[in-house]
Amino acid sequence: MQRFPYITDYVNEIFDKEKVRFDYLFIRPIFNISLFSLRFILIPVKFLFHRKVWGFERRLIDSILAFGIKYLASSEAIELLIRHVQIEPLLYRYLLSGTPERRERSGEMLKGIDGDFSVNSIEDIVRHGLTICHDDLSYEVFERFDKGAFLDNLAFYRNSRPEDIAQFGNKVMEQNRKYSWQIFGPTNIIISVVFTITIFADFHTAIRALNSFDSDAVLLWCLKHICAEDKRTMIDLDFYLQSYSNRSHYNNDAFRSHPNEYLHSHIAFYEFAYDLLRKNQQVPQGDIK
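Note that the structure is predicted; figures quoted are calculated from it, not measured. (Residues numbered from 1 in each chain as written. Predicted model: local features only at pLDDT ≥ 70, side-chain atom pairs only at ≥ 80, totals over all residues. Heavy atoms only, no water.)

## Some points on the packing of aromatic side chains
Alright, step 1. One pass over the full model with this rule turns up 21 aromatic pairs.
Alright, step 2. Pairing Phe150 with Tyr157 gives two aromatic rings, centres 4.5 Å apart and planes at 40°, and the pair type is tilted. Comparing Phe150 with Tyr157 shows no difference in burial state: the two are buried.
Alright, step 3. Among the aromatic residues, ring-to-ring pairing joins Phe4, Tyr6, Tyr92, Phe239, Tyr240, Phe269, Tyr270 and Phe272 into one connected group.
Alright, step 4. Lying over the aromatic face of Tyr24, Arg28 brings its terminal NZ or CZ to 4.0 Å of the ring centre.
Alright, step 5. The cationic tip of Arg83 hangs over the ring face of Tyr10; the distance from NZ or CZ to the ring centre is 5.1 Å. (Phe/Tyr/Trp six-rings, centres within 6.5 Å; stacked < 30°, edge-to-face > 60°. Buried < 20%, exposed > 50% of the residue type's maximum accessible area, 1.4 Å probe, protein only. Lys NZ or Arg CZ within 6 Å of the ring centre and 35° of its normal.)

## Thoughts on the pattern of salt bridges
Alright, step 1. Tallying each qualifying case throughout the model produces 15 salt bridges.
Alright, step 2. With a closest N to O distance of 2.7 Å, Arg21 and Asp23 form a salt bridge.
Alright, step 3. Connected through shared salt-bridge partners, Arg93, Arg105, Asp114, Glu140, Arg144 and Glu163 make up one network. (Salt bridge = Lys/Arg side-chain N within 4 Å of Asp/Glu carboxyl O.)

## Topic: the layout of surface pockets
Alright, step 1. Approximately 510 Å³ is the volume found for the largest pocket.
Alright, step 2. Broken down by secondary-structure element, the contributors of at least two residues to the lining of the largest pocket are α1 (9-18), α13 (231-238) and α14 (259-278).
Alright, step 3. Broken down by element, the lining of the largest pocket gets its largest block of residues, four residues, from α14.
Alright, step 4. Residues that form the lining of the largest pocket fall into these classes: ten nonpolar, six polar and eight charged. (1 Å grid on protein atoms, 1.4 Å probe; cavity = no way out; pocket = protein on both sides within 12 Å on 5 of 7 lines; lining within 4 Å. Points joined across faces, edges and corners; volume = space filled by probe spheres on them. Helix = DSSP H or I, 4+ residues; strand = E, 2+ residues; numbered from the N terminus. Nonpolar A, V, L, I, M, F, W, Y, C, P; charged D, E, K, R; others polar.)

## A short note on helix α3 (residues 57-72)
Alright, step 1. If you check α3, its first and last C-alpha atoms are 21 Å apart, about what 16 residues at 1.5 Å a residue would give, namely 22 Å.
Alright, step 2. The elements touched by buried residues of α3 are α4 (75-96), α5 (122-127), α6 (130-144), α9 (172-179) and α10 (186-200). (Expected span 1.5 Å × (residues − 1). Contact = heavy atoms within 4.5 Å.)

## A short note on empty space enclosed by the protein
Alright, step 1. Taken as a whole, this structure holds two cavities of 30 Å³ or more when the rule is applied.
Alright, step 2. A volume near 340 Å³ is recorded for the largest cavity.
Alright, step 3. Along the walls of the largest cavity sit 22 residues, with Leu81, His134, Asp135, Val193 and Tyr262 positioned nearest its centre.
Alright, step 4. Listing elements by their share of the lining of the largest cavity, those giving two or more residues are α4, α6, α10, α11 (203-210) and α14.
Alright, step 5. For the lining of the largest cavity, the residue count by class is 13 nonpolar, seven polar and two charged.
Alright, step 6. Within this model, the second largest cavity holds a volume of roughly 50 Å³.
Alright, step 7. By residue class, the composition of the lining of the second largest cavity is two nonpolar, one polar and seven charged.

## Points about a nonpolar patch on the surface
Alright, step 1. A contiguous nonpolar surface patch, about 530 Å² in accessible area, is contributed by Ile41, Val45, Phe47, Leu48 and Phe49.
Alright, step 2. Tracing the chain through its elements places Val45 in helix α2 (residues 22-49).
Alright, step 3. Assessed through its relative accessible area of 38%, Val45 is described here as partly exposed. (Patch = residues over 30% accessible without salt bridge, like charges linked within 9 Å, V, L, I, M, F, W, Y side chains within 5 Å. Areas by Shrake-Rupley, 256 points an atom, 1.4 Å probe, with all protein chains shown as cover.)

## Digging into the side chain of Thr196
Alright, step 1. The topology assignment puts Thr196 in helix α10.
Alright, step 2. Residue Thr196 is classed as buried on the basis of its relative accessible area, which comes to 12%.
Alright, step 3. A distance of 2.8 Å separates a polar side-chain atom of Thr196 from the backbone oxygen of Ser192.
Alright, step 4. Filtering out sequence-adjacent residues up to four positions away, Thr196 remains in contact with Ile61, Ile64 and Ala201. (Polar contact = N/O pair within 3.5 Å; in protein donor to acceptor, adjacent residues only side chain to side chain.)

Any link to function would need more than the numbers given here.
Below, the structure is given as structure tokens:
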């Protein structure tokens, strides 16, 4: 059993369990080969004939995702996916909480960093456009983040922490446990999401989605400043540095991004960041509101 010391126990357990799954051993390679082959055909075609939104794409993408969540995904995969959908905006709120860009909660379902990210039914996913709305968060935090204000308020960040994920509903997991055939584990679910966006999204939306990881670098930069005096944490964070095989390639083009990196470098990193900040021992009580 492999347990990476810089990954949370929860994610390590998910990865370990998945390695013996049938779909991981036999379906994942087919998905990977098919996705890379399909991109070389679809991306140029989209560039020529599907550059702008036709109007049906988002609903179709989320309908396919909703079907997979209800009938095909394993419970472990859906828990990890929904956790990520909810953890990401909480981390972005935290990064903005000590800057002039902090805002009141909007309550809008699955829209914007300050929205409500409860996912209580399959219908919520389709009705509120979960997939693309989630990708858009990475661009929103870039637009709102203020480097100077963040650095001026480091003491605030070192004595505060992100809000609790428990504030969001996740009853969609009950539907998964009731109806799903438990066929796909986390890796294949993530690949399926990338597959669906690549096939059905317009060119502009597909490229935005494949390049929506620059915010990881901002989060990593912020964590390094917040934890600068914590040697052990700084060592762990070094394992999330950008490299040619990590987030930096998402800025290049749509052909070289690897779907497995979404799980191992993006989702795993956000789980680590959330766990780290929620355990902040300097916080006397309560969360950021």
